[in-house]
Every structure is written in structure tokens, then in C-alpha cells.
Amino acid sequence: MPVVVVESPAKAKTINKYLGSDYTVLASYGHVRDLPPKDGSVDPEHDFAMTWEVGADSRKHVKAIADALKDDDTLILATDPDREGEAISWHLEETLRKRKAIRKDTTVRRVVFNAITKSAVTEAMKAPRDIDAPLVEAYLARRALDYLVGFNLSPVLWRKLPGARSAGRVQSVCLRLIVEREMEIEAFKPREYWSVKALLATPRGQEFEARLVTLAGRKLEKYDLANATQAELAVQAVASRALTVTSVEARPATRNPSAPFMTSTLQQEASRKFGMGARQCMNAAQRLYEAGLITYMRTDGIDMAPEAVMAVRDTIRDRFGAEYLPGSPRMYKNKAKNAQEAHECIRPTDMSRDAAQLRLTDTDQRRLYDLIWKRTLACQMEAARLERTTVDIGSDDGQVGLRATGQVMLFDGFLKVYEEGRDDVTDEEDRRLPQITTGDRLAFADGALRDEQARAQDGKESPAALLSGNGAVLGLQHFTQPPPRYTEATLVRKMEELGIGRPSTYASVLGTIQERDYVRKEQNRLIPEDKGRIVTVFLINFFRKYVSYEFTANLEEDLDRVSAGEADYKEVLRRFWRDFSAAIAETSELRIAEVLDVLDEALAPTLYPPREDGTDPRQCPLCGTGRLHLKTSRSGGFVGCGNYPECRYTRPIGGEAAENGDRILGEDAEGNEISLRSGRFGPYVQRGEASAENRKPDRASLPKGWKPEEMTLEKALSLLSLPHDVGEHPEGGTIKANFGRFGPYLMHQLPGEAKPVYANLKDPADVFEIGMNRAVELLAEKRANPGGRGRAAAKALRDLGEHPEGGPVQVFDGRYGPYVKWGKVNATLPKETTPETITREEALELIAAKARKPSARKKAAPRKTAAKGRAASPASGKKAG
């Protein structure tokens with residue numbers, strides 16, 4: 001009976017269903033070997049010899065495969081059809097040969113399929129091949145390069161920049177993109193400009209909007225109206241003239257559908273439409289692939305198998321009718337440089353089933369399948385047909401010209417099913433125009449723009465607005481905007497444009513820079529931490545070549561040539577190591593002080609921008625005599641005063657690098673200076689200065705919602721006086737109010753109580769203003785319900801699907817961190833696993849392990865242990881079938 005090996009138990013289960021009892025299907029649980037994380041695992045002195053080690057978790061899976069081969073003489077390696085899948089197969093064969101589990105008479109074959117369907121699997125079994133040596137060599141080259149960079153560059157970072165975690169061949173270049181974008185934003189100087197629009201009415205009384213495009217007979221450029229004076233003159237020029245339609249041009253237009261998904265475009269669209277991170281998207285896609293619902297999800301290809309194209313066309317005809325079906329199939333050509341990554345596009349394996357028919361319980365999987373199904377359907381549908389209309393309007397004297405644009409949908413075509421998301425949404429042409437004829441005399445819609453003027457003055461983009469006397473012509477003030485921060489979607493697109501990374505690496509790279517605390521994600525935007533900035537500036541100054549976009553892209557192309565069998569991977573490694581090792585040796589001699597001086601100078605424009613009063617931007621704003629310098633700590637970089645320890649002024653390096661409002665607020669009754677400062681953890685107030693007698697002066701962080709620019713001496717003293725005594729409780733003991741890690745709270749301890757009772761306050765102002773009656777009432781409620789047992793049941797963060805024995809498997813956020821729950825079994829998530837990334841199979845393993853573990857209070861009865869043992873079986877990875 002042939003032994004078939006795949007990566008995961010979920011994939012094994014699906015394949016076993018198709019192959020039946022004639023095959024033994026086992027899972028390797030991913031890579032079985034890796035380079036041990038120690039020096040010498042890749043040895044450049046001995047032709048880049050690589051030392052591999054079977055992971056502790058993998059030994060039992062390798063043993064299970066070896067045991068199965070004792071009775072079978074055929075090994076079929078059916079791992080994924082890409083470089084990583086080929087590497088897993090190679091590692092398995094090498095490991096099993098070392099164990100002598102593969103005998104002389106054992107046949108070892110490799111099969112690949114792009115989708116886990118019965119037809120794809122059975123066809124693949126008829127066409128076995130040998131392991132693809134060039135693809136394995138490309139993997140070896142990448143793994144060696146990543147090791148050589150990580151294990152040689154990371155220690156340099158540790159020694160020179162305390163708090164730095166690691167550097168990587170692709171991750172450091174990706175981090176550079178984010179940091180440079182942030183520096184662009186900080187250096188950006190907004191430029192003022194104005195636009196003018198009018199609300200006009202046709203002879204039939206229908207209103208429409210037009211914008212000013214010519215003034216004084218000359219075409220207006222974006223910045224021609226540079227201030228309010230020029231804008232007011234333009235508004236009056238329009239409002240004081242009679243206007244006539246000079247031309248109406250209607251022209252047909254078409255919109256064609258986007259190509260079907262490949263890895264990068266799927267990640268981008270999932271981010272735009274659902275806010276999914278790259279890793280979250282790929283985890284959901286992996287589950288769909290392993291369940292046989294979609295084709296392989298790591299691909300640079302956009303072509304589609306002919307039989308799949310026909311199936312899509314049949315679905316379009318059946319569901320929408322022949323008018324939505326083009327006369328011939330749409331053809332999409334691959335743009336991938338590396339043919340080894342250019343598998344078929346990502347598409348459903350059965351187009352007749354939409355997301356509703358599949359009844360997927362996991363939200364991420366359901367949304368992602370629906371997205372893939374609709375995009376695949378749309379890519380073979382008819383184009384949308386539009387009519388775009390441009391109306392030109394002029395004054396009789398030719399001094400003023402306006403233009404109105406609009407469009408009408410004549411036939412929705414593929415838009416009936418799907419419209420691609422956009423990173424920068426504009427609606428300039430997405431409005432309809434009324435019936436307008438050349439020669440029409442137009443009237444002003446008097447007073448119609450007064451409400452819009454009020455709204456504009458309340459908005460952020462247009463802080464000023466000028467309205468004509470008739471209320472129908474409006475001038476709007478604008479300021480140019482800095483480039484937006486990257487989202488995961490736009491960053492993947494940028495990396496793809498630059499040729500950095502490959503489909504199989506985007507998700508892991510984006511995950512790594514966030515896990516290393518180099519970058520944080522807020523409202524789906526990627527923001528560099530101070531630590532990430534320092535690391536990037538260090539690498540740009542001392543390892544510029546290795547974080548250059550061109551060098552990284554060229555190296556990727558070299559690796560693509562290796563996978564195509566056109567280059568020797570060891571020659572690629574030799575060329576890289578020759579220069580890289582020299583750069584490492586050169587930098588290792590530098591002292592930390594020398595490194596900080598270079599970084600301080602490189603970051604000077606960001607750290608010390610010119611001050612409005614013309615004073616030295618490096619002068620300490622607190623003591624007035626010290627000079628500011630870049631310093632490092634375990635939590636990253638910061639700016640500090642050179643007079644330390646006499647002056648302990650610090651501020652973060654990111655954000656507004658000027659003084660952030662740091663200032664002396666006044667003195668308290670004892671004559672101590674009260675100052676507002678910016679620390680690495682946000683703004684705070686401080687009483688006096690640190691000294692030998694008072695090493696830790698009083699400090700208090702600003703509560704949430706308190707703005708540094710609104711701080712006064714009175715507010716600062718109220719913060720420094722905390723905790724605030726609300727008063728004596730009727731039953732004894734003082735009630736105190738204060739701010740804690742989780743916000744404002746009350747604290748009180750009755751005589752004889754073992755420990756104080758804490759009650760949360762909703763409004764920060766209550767810390768200073770709450771009355772005794774309300775305080776006593778809140779504390780009484782807390783004492784009556786100390787554990788909050790009267791609350792509604794906790795809401796699940798994610799549904800992972802049904803347990804094989806029935807009942808939902810869900811993820812919750814608990815007091816001690818996130819956990820998975822099935823029935824009465826709760827299992828805490830490991831530190832490296834997040835609620836967004838955990839899979840159903842991983843959850844089943846955690847639940848099974850928890851169920852097997854005997855209770856600390858009471859040993860489980862034999863009958864219950866057996867039942868829990870059965871609960872573990874779906875994730876146990878034992879021989880299927």
C-alpha cells in the first residue's frame with residue numbers, strides 16, 4: 001500500500017477521501033528539518049555546507065512515516081506545488097534515507113496538483129516525477145542567504161543598538177519602505193490652494209454642479225488660486241456673469257474586469273475590503289485550499305485552465321443570461337518573471353457552488369471564498385458600458401469657463417457581480433447630469449451652497465470657504481496632503497512593483513516586522529516604531545547596499561534564475577558573501593558612540609527641525625544649557641539632554657519632532673517648577689528636577705483625552721495631587737479616586753476587609769468631580785457583584801467551525817489572554833499564536849492536549865479520559881483511512 005505524504009492533517013484527510021483505502025496518507029506537519037539557530041549552520045569556508053536538524057516536534061511525524069514504510073515499498077511525496085513544497089519533499093526524502101527507512105527497493109516519486117479535487121489528485125497520481133533539483137537549490141540558496149544575513153547582521157545590531165531584535169534580507173528592505181514613507185510625511189510642507197464651484201440650474205429647473213476651469217480667458221492650474229484674496233476675486237467673477245452652455249460631448253466608454261487573483265492581488269483586495277492582514281488572508285486561503293475549495297493560493301500566475309474557463313462561462317450563462325457572456329473567453333497572460341511560481345490563478349474548484357451554498361462557518365474563509373468566487377466570475381464577464389458626458393460652460397465675454405462631468409451606466413456587465421476596491425477613492429465622474437443642450441442659458445441655484453459652506457468650514461480638508469452673495473458660487477480652501485501611510489495592501493503592491501520578495505514571503509515578512517516591534521498597525525495603517533527607525537537608519541548608513549531596493553530585486557532575479565536551472569546557487573552565495581562579510585567585519589570595529597554620532601547626524605533634519613524663533617534646535621528646552629543628542633535604550637531610540645543626570649529631559653524621536661509642547665507651566669506653593677514633558681510613553685507632567693536627594697521626582701501621565709497644548713498649571717497640580725480623596729465612607733475608610741493602567745477608578749477598603757475594592761469610572765473628569773453619593777453607590781454595586789457575573793456572556797472573537805464530536809470551536813479573549821473553547825474545555829493560545837491566525841486544526845490540537853491533561857484538583861475518571869482521548873483524534877495526524 002503506497003505511503004502518500006502531505007504537509008497538513010487537513011490536506012491528508014481530504015486526499016485520503018479521494019484515494020481510498022488503497023493508500024496510506026500521512027502528514028509531515030510542515031517542514032521536518034531546519035537550520036539550527038546557532039553559529040556554523042551554514043559554513044562559507046566549506047562551500048556553504050548546511051547542517052540540518054530535525055525539529056523536536058517533527059520527530060514523531062517522521063517516525064510515523066518511517067514506520068509506515070516498513071510494510072510499503074512506495075513513497076509518494078505530494079506536498080504543495082511550489083518551492084517550499086518541493087523543499088519539504090526533499091527534506092523528507094533526505095531524512096528518511098538517513099534513517100534507512102527508504103530501502104533499495106523503495107520507489108520514491110513526487111506528485112503535484114494545483115487543486116485538491118478528486119480529478120486533480122487522481123490525474124496527478126498518473127503523472128509522477130522526480131524531485132525538481134533546481135527548485136530545491138533555489139530554496140537552499142534563499143535559506144542560506146536568510147541565515148547568513150540574520151546570523152551575521154543581527155548580532156551587529158544587538159551590540160550597536162540596544163533593543164534591536166533582528167535584521168533580515170527582505171524584512172529590512174520592507175521596513176525601510178515604511179520608515180522612509182513616515183519621514184516623507186514628517187518632512188511634508190502643505191501647500192494652500194483654492195477651487196471654485198457653482199451650482200447651476202438648466203432652463204427646466206434641474207440643478208447640477210460645475211467647477212471653474214478658466215479665468216480671465218486662461219486655463220486654471222491647480223495652484224493658480226493660491227490664497228483667499230485670489231479665490232474671492234474668482235468667486236465674484238463667476239457670480240457676476242451670465243453663463244451659457246458652449247458644448248456638450250457624450251462619448252461611450254467601457255470598463256473591463258480585473259484579472260483573476262494571484263497571491264499579491266488577493267492579499268491587497270482582502271485588505272481593502274475586509275481589513276485582513278496578509279497573514280490572516282493566507283491562513284484562510286490555506287484552509288480553503290486544503291478543503292479542496294480553491295486552487296493553490298501561492299502563485300504569481302493569472303492564467304486559468306481551459307476547463308475552468310468553460311465552467312465559469314457556463315455559470316455566467318446560467319445565472320445571468322447570455323448578454324453577460326462575451327463572445328469568446330477572456331485570456332490573461334502571466335507577468336511573473338519566475339515561471340516556477342506562476343501556477344494557475346486562485347479560483348474556486350467548483351464554480352457552481354457559491355459561498356452561501358457551501359455554508360462555511362468560519363467568517364474569514366466565508367468572506368474570502370465569496371471574494372474569490374466573484375472575482376473569478378467577473379473576470380470572464382462582459383465589460384461594463386458607460387456614457388461619459390462633459391459639459392463646457394462659458395460667460396459671454398469669454399472671461400470665465402466652467403466644466404461639469406458625469407457618467408451614466410448603460411450596461412453593468414461584470415459590475416453586476418464584483419467591483420475591485422480602490423486605495424484612493426475619487427468620485428469626480430461618478431455623478432449623473434441632467435439633460436443639457438448646447439446654447440442653454442443657465443441660472444444660479446441661489447442659496448443652494450450655504451449648507452455646504454458650513455459643512456466645509458467644519459471639515460478638515462477645507463478649513464475655509466467663501467460664498468458669493470447669491471449663495472450659488474463657493475470657493476473652497478484646500479491643502480496638499482502628504483503621501484498616505486502604507487496599508488498591508490499598498491505595501492505588498494509596492495514590494496511587487498520593486499521586485500522585492502515573492503508571493504510565498506509577503507505574509508511572513510509583514511508579520512515579522514510587527515512581531516519585532518519595529519512597526520505597529522493602527523486603523524489598518526503601518527507606522528514605524530522608534531526602534532524600527534533607528535534600525536533602518538543604521539542599516540542605510542552602514543549596510544546601504546544590502547537594504548537597497550535595486551540590490552534586493554536583482555538578488556531575487558538571481559534566485560529565480562536558479563529555480564529555472566539557469567544559474568549555480570553556490571555561485572550566487574559566493575558573490576553575496578564576498579562583499580557582505582567584508583561589510584560585517586568593517587562595522588564590528590565601530591564603538592556605540594561612533595554609531596550614535598552617525599545616526600544623530602543622519603536623523604538631524606527629523607529630530608531637530610528649525611524653530612520658529614530662530615534659536616538652536618538642539619538646545620534643551622527644559623534646562624536651556626544642555627544640547628540634545630540621540631540615545632538608545634532597550635525600548636528603542638529617544639532624544640535626551642546632554643546634561644544628564646542633572647537634566648533628565650527626554651522626548652521620542654517619532655511624530656512631531658519639534659518640542660511637542662514641552663514647557664514650564666509654573667511653580668507650586670513650595671517653589672518647585674512644574675513642567676510638561678514628552679516621554680517615550682507619551683506626555684506627562686513633573687514636579688521639580690531629579691537630584692541626588694530626589695532621584696524620582698513626582699510624575700503623572702496625561703489621561704486619555706487630555707491634550708498637551710491645553711495643559712495649565714492648575715491641571716498639572718491636580719494630576720500631581722492624585723490620588724484624590726473623595727471623602728469618608730459612611731461605614732468607615734477613605735474613598736480615593738485615581739488613574740490606573742485601565743483608566744479612571746475608585747478605591748475603598750472597609751474596616752476588616754481583606755483587600756480594597758476597585759470600581760471603574762467612565763469619565764476621566766469623575767476622578768476630580770465625583771460626589772460621595774455616586775461613589776458610595778458604585779462601590780456598593782461592585783461589592784454586590786465582584787466578579788461581574790451578571791454580565792452578558794462573552795462574545796467569541798472568531799468561530800473556527802464544528803468539532804468532529806459536535807459543538808462549536810471558538811476563540812475568546814480572557815482575563816489571562818486569548819483562548820480556544822470547546823464545550824467545557826478551554827485551552828490558552830501559545831504566545832506565538834494570535835486569535836487572527838489560529839487555524840481549526842491548531843485549535844483541535846490545543847483542545848486535545850488540554851483534554852488529555854489531568855485536572856490539578858481531581859484526577860479524571862477513566863471513562864472521561866477515554867472520551868477526551870477520542871476528542872483529540874481529528875488533530876492527531878494518525879494514518880487516515
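Here the structure is a predicted model, which is why all the values come from computation and not from measurement. (Residues numbered from 1 in each chain as written. Predicted model: local features only at pLDDT ≥ 70, side-chain atom pairs only at ≥ 80, totals over all residues. Heavy atoms only, no water.)

### Here's the deal with the overall build of the protein
Filter applied, for reference: Segments assigned H or I by DSSP are reported as helices when at least four residues long, segments assigned E as strands when at least two residues long, and all are numbered from the N terminus. Buried, partly exposed and exposed residues are distinguished by accessible area as a fraction of the type maximum, computed with a 1.4 Å probe on protein chains only: under 20%, between the cut-offs, and over 50%, respectively. Residues count as neighbours in contact if any of their non-hydrogen atoms are within 4.5 Å of one another. Note that accessible areas follow from Shrake-Rupley with a 1.4 Å probe, and for residues the cover is restricted to the protein chains shown.
Along its length, the protein carries 25 helices and 34 strands. Residues counted as buried form 49% of the 881 residues belonging to the protein. For the protein, restricting intrachain contacts to residue pairs at least 6 apart in sequence, the fraction spanning at least 24 positions comes to 66%. Entry remark: accessible area of the protein is about 43,600 Å², with carbon and sulfur atoms responsible for 48%.

### Comments concerning the sheet that holds strand S31 (residues 798-802)
Applied cut-off: A pair of strands counts as paired when DSSP detects no fewer than two bridges linking them. Axis lines are fitted through C-alpha atoms, for helices just across the contact stretch, and the angle between N-to-C directions can take any value from 0 to 180 degrees.
The sheet built from 4 strands is open, its strands ordered S31-S32-S33-S34 with antiparallel pairing. At either margin of the open sheet sits one strand with a lone partner, and together these are S31 and strand S34 (825-828). Adjacent strand axes in the sheet meet at a mean angle of 25°, parallel and antiparallel pairs treated alike. In this sheet, strand S33 (residues 817-822) lies alongside strand S32 (residues 808-814) in antiparallel orientation, the contact comprising 5 bridges. Following the sheet pairing, glutamine 810 is matched in S33 by lysine 821. Sitting on the sheet, helix H24 (residues 840-852) is in contact with S31, S32, S33 and S34, with an inclination near 110° to S34.

### Here's the deal with the packing of helix H8 (residues 263-274) against helix H12 (residues 363-378)
This is how the line gets drawn: A clockwise turn of the near helix away from the far one marks a right-handed crossing, whereas an anticlockwise turn of less than a right angle marks a left-handed crossing. Put simply, Ala, Val, Leu, Ile, Met, Phe, Trp, Tyr, Cys and Pro go in the nonpolar bin, Asp, Glu, Lys and Arg in the charged bin, and everything else, Gly too, in the polar bin.
The geometry of H8 relative to H12 is characterised by a closest axis approach of 11 Å and an angle of 120° between their N-to-C directions. For the pair H8 and H12, the sense of crossing is right-handed. For the pair H8 and H12, the contacting residues are Thr265, Leu266, Glu269, Ala270, Lys273 and Phe274 in the first and Arg367, Leu368, Leu371, Ile372 and Arg375 in the second. Classifying every residue of the contact of H8 with H12 by side-chain character gives 6 nonpolar, 1 polar and 4 charged.

### Here we look at unusual backbone geometry
For the peptide bond that leads from leucine 722 to proline 723, omega is 5°, which places it in the cis range. Here proline 723 lies in the loop between helix H21 (713-720) and strand S27 (724-728). Although it is not a glycine, arginine 359 adopts a positive phi angle of roughly 55°. On the secondary structure map, arginine 359 appears in the loop between helix H11 (355-358) and H12. Note on arginine 359: relative accessible area 72%, which makes it exposed.

### Points about the pattern of salt bridges
Note the following rule: One side-chain nitrogen of Lys or Arg within 4 Å of one carboxyl oxygen of Asp or Glu is enough to make a salt bridge.
A complete count under the given rule lists 59 salt bridges for this structure. For aspartate 130, the salt bridge identified is with arginine 109, shortest N-O distance 2.7 Å. With a gap of 21 residues between them, aspartate 130 in the loop between helix H4 (118-125) and helix H5 (133-160) and arginine 109 in strand S8 (residues 107-110) connect regions that are remote in the sequence. Put simply, glutamate 344 and arginine 347 hold a salt bridge, and the shortest N to O gap is 2.4 Å. There is no split in this pair, since glutamate 344 and arginine 347 are both buried. Members of the salt-bridge network, linked through shared partners, are Asp47, Asp568, Lys570, Glu571 and Arg574.

### As for the sheet that holds strand S29 (residues 743-748)
Reading across from one edge, S27-S28-S29-S30 is the order of the 4 strands in this open sheet, with antiparallel pairing throughout. The two strands at the open ends of the sheet, each matched to only one other strand, are S27 and strand S30 (757-760). Within the sheet, the average angular offset between the axes of one strand and its neighbour, ignoring direction, is 25°. The sheet contact formed by strand S28 (residues 734-740) and S29 spans 5 bridges and is antiparallel. Opposite asparagine 738, over in S29, you have tyrosine 745 as the bridge partner. Strand contacts of helix H23 (residues 772-784): S27, S28, S29 and S30, with the helix running at about 110° to S30, the strand carrying the most contacts.

### What to know about helix H7 (residues 228-239)
The cut-off we apply is this: Here a helix's expected span is defined as the number of its residues, less one, multiplied by 1.5 Å.
The end-to-end C-alpha separation of H7 is 16 Å, in line with the 16 Å expected for 12 residues at 1.5 Å each. Buried residues of H7: Ala231, Ala234, Val235, Ala237, Val238 and Ala239, and no others.

### With respect to helix H19 (residues 592-602)
The criterion, for reference: Here, the arc refers to the directions that run from the helix axis to the C-beta atoms.
Of the residues making up H19, those classed as buried are Val595, Leu596, Leu599 and Asp600. Each buried residue of H19 sits inside an arc of 135° when the element is viewed along its axis, so together they form one side. In H19, those exposed residues whose orientation departs by more than 90 degrees from the buried face are Asp597 and Glu601.

### Section: the nonpolar core
For clarity, the threshold we go by: Among buried residues, the Ala, Val, Leu, Ile, Met, Phe, Trp, Tyr and Cys ones that are joined through side-chain atoms within 4.5 Å form a nonpolar core.
By size, the foremost hydrophobic cluster in this structure holds 144 residues, and its most contacted members are Leu368, Phe538 and Phe543. No other element matches the 13 residues that H5 contributes to this core. Residue contacts for phenylalanine 543: discarding those within four places in its chain leaves Leu153, Val156, Phe538, Phe580, Ala583, Ile584 and Thr587. Within the second largest apolar cluster, 28 residues are counted, among which are Val238, Leu243, Ala404 and Ala472.

### A few points about the packing of helix H6 (residues 171-187) against helix H15 (residues 506-515)
Applied cut-off: An angle below 35 degrees is read as roughly parallel, one above 145 as roughly antiparallel, one from 65 to 115 as roughly perpendicular, and any other as oblique.
One can describe the packing of H6 onto H15 by two numbers: an axis separation of 10 Å at closest approach and a directional angle of 70°. Here H6 lies roughly perpendicular to H15, going by the angle between them. Handedness of the crossing formed by H6 with H15: right-handed. Facing H6, whose interface residues are Gln171, Cys174, Leu175 and Ile178, H15 presents Val509, Leu510, Thr512 and Ile513. Along the lines of polarity and charge, the residues of the contact of H6 with H15 split into 6 nonpolar, 2 polar and no charged.

### What to know about the environment of glycine 217
Structurally, glycine 217 can be placed in the loop between strand S10 (207-215) and strand S11 (218-219). Judged by its relative accessible area of 56%, glycine 217 is exposed. In this structure, the C-alpha to C-alpha distance between glycine 217 and glycine 394, residues 177 residues apart in sequence, is 9.9 Å. Apart from residues lying up to four places away in sequence, glycine 217 is in contact with Gly398 and Gln399.

### Thoughts on the environment of aspartate 668
Selection rule: Pairs of N or O atoms within 3.5 Å make up the polar contacts considered here, provided that, within protein, one atom can donate a hydrogen while the other can accept it, and that residues adjacent in sequence are counted only when both atoms are side-chain atoms.
You can see aspartate 668 is positioned in the loop between strand S23 (663-667) and strand S24 (673-679). Remark: the alpha-carbon pair of aspartate 668 and glutamate 714, spanning 46 residues in sequence, is separated by 9.4 Å. With near-sequence residues (within four places) excluded, aspartate 668 lies in contact with Ile674, Arg687 and Leu717. A distance of 3.0 Å separates a polar atom in the side chain of aspartate 668 from the backbone nitrogen of glutamate 670. At 2.8 Å, the side chain of aspartate 668 forms a polar contact with the backbone nitrogen of asparagine 672.

### Observations regarding the pairing of strand S14 (residues 400-411)
Across the 12 residues of S14, 9 count as buried, placing the element largely inside the fold. Here S10 runs beside S14; their pairing, made up of 4 bridges, is antiparallel. Following the sheet pairing, threonine 214 is matched in S14 by glycine 401. Here 10 bridges tie strand S13 (residues 384-395) to S14, and the two strands are oriented antiparallel to one another. Pairing of arginine 388 across the sheet is with glutamine 407, part of S14. The hairpin turn running from S13 into S14, its antiparallel successor, is 4 residues long, and glycine 398 in that turn takes a positive phi close to 75°.

### A word on the confidence of the model for the protein
Inclusion rule: For every residue, the predictor assigns a confidence score, pLDDT, that lies between 0 and 100.
Taken over all residues, the pLDDT of the protein has a mean of 85, while the share at 70 or more is 89%. Across the protein, H12 holds the top mean pLDDT of 96, while helix H25 (residues 862-872) sits lowest at 38. Every residue in residues 655-659 is under pLDDT 50, and counting partners more than four places away or in other chains gives 14 contacts. Predicted confidence is poor over residues 855-881, with pLDDT under 50, and the contacts of this stretch with residues over four places away or in other chains come to 26 contacts.

### Digging into the packing of aromatic side chains
So the rule is basically this: Centres within 6.5 Å make a pair out of two Phe, Tyr or Trp rings, where for Trp the six-membered ring is used; the pair is then stacked when the planes are under 30 degrees apart, edge-to-face when over 60, and tilted otherwise.
Under the definition given, this model contains 20 aromatic pairs. Ring centres 6.4 Å apart and planes at 45° place the aromatic pair phenylalanine 543 and phenylalanine 580 in the tilted group. Here phenylalanine 543 is found in the loop between helix H16 (530-542) and helix H17 (549-563), whereas its partner phenylalanine 580 is found in helix H18 (residues 569-588), with 37 residues between them in sequence. Geometrically, the ring pair formed by phenylalanine 739 and phenylalanine 768 is tilted, given 6.2 Å between the ring centres and 55° between the ring planes.

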